Structures are given as structure tokens and as C-alpha cells.
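# Results of the structural survey
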Amino acid sequence: MTTMQVSSFIFIIVLVCSGTAVNSFRPWPLKGNNGSSNAFGVSKANEGSSSFVQLHYHMGPVLTSSIRVYIIWYGQWKTSQKNVIKDFFRSISTTVNGPSVQTWWSTVRLYTDQTGANISGSLVVAGERTDMYSQGRMLSRMTVQEVIKYSLLPYNGSLPVDPRGGVYMVLTSENVIQQDFCSAVCGFHYFTYSSIVGYTLPYAWIGNSGNQCPETCAYPFAIPSYMGNAVKAFKAPNGDIGVDGMISVIGHELAEMSSNPLINAWYAGSDPTAPTEVADLCEGMYGTGAGGSYTGLVLKDRFGASYNMRGIGERRFLVQWVWSPVLNACTGPNAIKSG
């Protein structure tokens, strides 16, 4: 649920509160006891069907109505960076040729609520707000909720309170330090506390790791030092390691917010305070054959940049796969069918 590189509800990408936190997303390969990354081929079962994964529905809501994303740009952002991120969101509802963001989202749409209604295939960026460090340049899980609170119209902000289709994304720039960022998380999702914000709203926080820890939160566009020369960094498809790394974390958190917005819908495990969700099961997997430190087979454009899905306006993105409840396995739009 937390990423390190989350009926409609409002998403805000923000750092989750300090009360009860959800699992963190970590896109980089795990470091073994001997200081090396897991070897290629060690975890091929992660990609294939597995009877050991028990993902259950806990009767809570999922985002079945048109999803409206409200973005809070916290700190300094270039227009070019914003455009890459907004194009990813817009690609979810746009049909393009080849392996696409929309096809990737079709796996997320397989999850349903108790009425049998699927997660919505309609998503729009419904609002944006710039916040120039209202809570300072060092954020905690609690102050992220303050960022959301003061972005809302009832508190003299500019974003509506939208509990029936909105999702709030708090995106922090390269020079913002977030609690546990880089050391434990790259992003996370939860819901706001009514005692702080006055409303219960699904939200997520994701940070730009470009200047702080790209080898941790923008993997595989940057490589951890402990991997040595064993793995070569990928070229970022949109020319910005920090933002291209964020895209996969955004996708991770968005998939989990849609299928588990109030932490009472789809997840594995018996502890709702630390659930294993639909994207957690596929961390670090971007193509067929993925496992250990190997991302799997991905595509390259004519400039040598790596990607696994297409978006609007000739955009290319590299986004981790998600767990399919039909295949009982991780899958993505670039999966190579066997047989």
C-alpha cells in the first residue's frame, strides 16, 4: 500500500498520517544478507500463478464511479514535469495502439464491490492546486493531512470536498523532505482523519526522489550501489529520472486506492493496518520473466529509453504490473503470452 520509489473517492497524493499506516511501496530490489540483490530467476513464481496468494474482499467500497483526481503540487514544479504526470492520468481513459496505460488499468478494473460493480474506467484530472511549502520543507505523516485540509474550499483553499468520486494526490517536489522518504517509503495512501481534516477522503502522497534517492525510489532509472555493475540503469522515457520514477509509484498507489480506498476492501493478510494490496504483490515487476533484480522484458523507443506502456500524445511510461484476480498472477499490457 505504501510505495517506495495509492464508488469514487478523492485521491490526494500525500504522506500518510502517523496513526495507522499502510505498507510501503519499494520498487528497488531487496538486498540480501550477503549484500547482494536477489538473483535473476529466484522469484519467477512471483510472475506466474500462485495458490499461496490469498487476496480477499472485505466488503468495503471500491471506486466504481467516475474517478476525479485532485492534484496538490507541493513545492516547486516545472510545467514539463506536471505535464508528464497529468498525461499519465489522462492516458488511463484514452485508447492508443500497442501496450497502453488503459490496458494496464483494465486489470485494476477487474476488482469489484459487493454489488458486482467494477472499478471505473473513467478518470479525469478535476482540479489542481499549488502549495508553496505551507507546512514547511519537512513534512510528517500528520502534516501531509494538514496540506490536504488547507487545500479544500471550506478552509479557504481551492479544491472541492469530493467524497463520492474524488481522490487527492499530494505530490512533493525534489527539495521536500518527507518522514520515512527514501529510507522506508516512496509513496503511500490512506484516508484523511475527520479529526484533522473534517472529512474522510482517500489520498496518497508521492515524492520526487530525483535529488534525494533516485537509486531507491526511481529504480530502475538509477541503480543502488550494492548492485555494482550487475545491472545497468534504464534511460527514462520522458527524460526526467525523478518524474519518470514517480509515475510507477503513482500508478501503484492509484491502483491500490481504487481497490482499497478506505482500507476495508481488497487486500491479503489478516491485519488491515498492514495490508498487502494489489500492487504490493508485483513490486519491481515490469515485464515477462521479472524476478529478483530483473525487471522483466520491456520495450525501448528509438532513443533507447525503456518503457512498457504507451499513453496519449506519444508518451511512454514504465509502470509496475499489478495482480490480476482472474489470472491469480501479476500481469501488464506488455506481457508475452506463452504457448
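Above this text you will find the structure in question.
Right, let's walk through the structure included here. Keep in mind the model is a prediction, meaning the values are calculated, not measured.

### Brief notes about the overall build of the protein
Helix and strand counts for the protein stand at six helices and 15 strands. The buried share of the protein, reckoned over its 339 residues, is 57%. As displayed, the protein offers around 13000 Å² of accessible surface, 50% of which is attributable to carbon and sulfur atoms.

### Examining the side chain of Q81
With respect to the helices and strands, the residue Q81 is situated in helix α1 (residues 79-91). Looking at Q81, its side chain comes within polar contact range of the side chain of D240, at 3.1 Å. Sequence-distant contacts of Q81, defined by excluding residues within four places in its chain, comprise N208, D240 and V243.

### Structural notes on the packing of helix α2 (residues 101-108) against helix α6 (residues 241-259)
Each pair of packed helices can be described by the angle between their axes along with the distance between the axes. Across the interface, α2 lies against α6 with an axial gap of 10 Å and an inter-helix angle of 35°. Taken as a pair, α2 and α6 cross one another with a handedness that is right-handed. Along the contact surface, α2 presents W104, W105 and V108, while α6 presents G251, L254, A255 and S258. Grouping the amino acids of the contact of α2 with α6 by side-chain chemistry returns five nonpolar, two polar and no charged.

So, how was this worked out
Residues numbered from 1 in each chain as written. Predicted model: local features only at pLDDT ≥ 70, side-chain atom pairs only at ≥ 80, totals over all residues. Heavy atoms only, no water. Helix = DSSP H or I, 4+ residues; strand = E, 2+ residues; numbered from the N terminus. Buried < 20%, exposed > 50% of the residue type's maximum accessible area, 1.4 Å probe, protein only. Areas by Shrake-Rupley, 256 points an atom, 1.4 Å probe, with all protein chains shown as cover. Polar contact = N/O pair within 3.5 Å; in protein donor to acceptor, adjacent residues only side chain to side chain. Contact = heavy atoms within 4.5 Å. Axes fitted to C-alpha atoms, helices over the stretch in contact; angles between N-to-C directions. Left-handed = near helix turned anticlockwise from the far one by under 90°. Nonpolar A, V, L, I, M, F, W, Y, C, P; charged D, E, K, R; others polar.

Bear in mind that shape data such as this cannot, by itself, settle questions of function.
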